[in-house]
Amino acid sequence: MSQISGNVAALKKEIDEIARLTGRSGDDITLVAATKMNDAERVREAVAAGITVCGENRVQELLEKYEQGAYEGSELHFIGTLQTNKVKYIVGKVQLIQSVNSVKLAKEISKCAAKLGIVQDVLVEVNIGSEESKSGANVESVYELIENISLIPNIRVRGIMTIPPISDNFDEQKCFFTKMQQLFIDIGTKKYDNISMEFLSMGMSGDYRNAILCGANMVRIGTGIFGARHYS
Ligand SMILES: *Cc1c(COP(=O)(O)O)cnc(C)c1O
């Protein structure tokens, strides 16, 4: 067994074990393989090993690998920061855009989806730690953002996503994840049009265990599947 397929198998088993501690099972958790900086061949290897959702960060890289058939047999999500002028390249190609952080971006997605005659599913990205360096909506503005998006055609919000502040302190991680879970539940109780809270996307290689314990049902894992990325 190759390293990638071994990693996928071990990860799925562990995700199942952790989910069971919360009264769920691995079937309730969507594992998104964060495929950035891994070429089409390695992505295909992950899909062959049982990955059913790939998440890509950069539009250019996504388009290149898409052309190469990297994601065949898998769903494709966009998980990185999305510039308005690049929206047109990915709407209709990806099942879920996880990183919607403004009305402006939502309107552009709507425009492109309308042209194709489709409804684009998205998640709203939340900057749960209010960090300068992160691009999600601040907690205080999330409700207004979601309310505004609910009025826009051809776009449907299916949950929320976050990248919390980096921390190896369990209590600190838990605090941010729990805040997200509360938002997820609270928004879900409000009956906005075109808004459903189905996916709580949080947890990466370093913190997915705690994220699942705090209610995540979608985790995005790169290093834990493909090994360390080599930036050059
Ligand atoms: C790269 C990336 C991940 C996965 O990161 P790892 O630490 O390698 O698991 C998850 N989410 C987003 C948005 C990413 O860019």
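Here is what the cut-offs are and how they apply
- Residues numbered from 1 in each chain as written.
- Predicted model: local features only at pLDDT ≥ 70, side-chain atom pairs only at ≥ 80, totals over all residues.
- Heavy atoms only, no water.
- Core = buried A, V, L, I, M, F, W, Y, C linked by side-chain atoms within 4.5 Å.
- Buried < 20%, exposed > 50% of the residue type's maximum accessible area, 1.4 Å probe, protein only.
- Contact = heavy atoms within 4.5 Å.
- Phe/Tyr/Trp six-rings, centres within 6.5 Å; stacked < 30°, edge-to-face > 60°.
- Lys NZ or Arg CZ within 6 Å of the ring centre and 35° of its normal.
- Salt bridge = Lys/Arg side-chain N within 4 Å of Asp/Glu carboxyl O.
- Helix = DSSP H or I, 4+ residues; strand = E, 2+ residues; numbered from the N terminus.
- Pairing = 2+ DSSP bridges.

Colleague: Can you break down the nonpolar core residue by residue, with the values?
Modeller: I97, I109, I146, I160, I187 and I225 are the most contacted members of the largest nonpolar core, which totals 67 residues. When sequence neighbours within four positions are dropped, the list of residues in contact with I225 reads I4, N7, V8, L11, L31, A33 and I51. One finds V32, V53, L123 and M218 within the second-largest nonpolar core, a separate group that totals 7 residues.

Colleague: Help me get a handle on the packing of aromatic side chains, residues and values and all.
Modeller: Counting across every chain of the model gives 0 aromatic pairs. A cation sits over an aromatic face here: K93 above Y66, 5.5 Å from the ring centre.

Colleague: Please give an account of the pattern of salt bridges that cites residues and values.
Modeller: Opposite charge on two side chains permits them to pair, given that their charged atoms come into close proximity. Under the counting rule described, the total for this entry stands at 12 salt bridges. E108 serves as the salt-bridge partner of K111, at 3.4 Å between the closest nitrogen and oxygen. Residue K111 and its partner E108 are located together in helix 5 (residues 103-116), separated by 3 residues, close to a single helical turn. The exposure class of K111 is partly exposed, given its relative accessible area of 46%. For R156, the salt bridge goes to D121, with nearest N and O atoms at 2.8 Å. Of the two residues, R156 sits in strand 7 (residues 155-162) while D121 sits in strand 5 (residues 120-127), which places them 35 residues apart along the sequence. For R156, a relative accessible area of 36% puts it in the partly exposed group. Looking at D121, the relative accessible area reads 9%, which means it is buried. Here the residues in one salt-bridge network are E56, R58, E61 and K65, joined through shared partners.

Colleague: Describe in detail the pairing of strand 9 (residues 218-221), supporting the description with residues and values.
Modeller: A regular strand carries its side chains on alternate faces of the sheet. Residues M218 and R220 of strand 9 are buried on one face, and the alternating residues V219 and I221, pointing to the opposite face, are buried as well. Sheet analysis places strand 1 (residues 30-34) next to strand 9, joined by 4 bridges and oriented parallel. Directly across from A33, in strand 9, lies its bridge partner I221.

Fair warning: the whole summary comes from geometry, so function is off the table for now.
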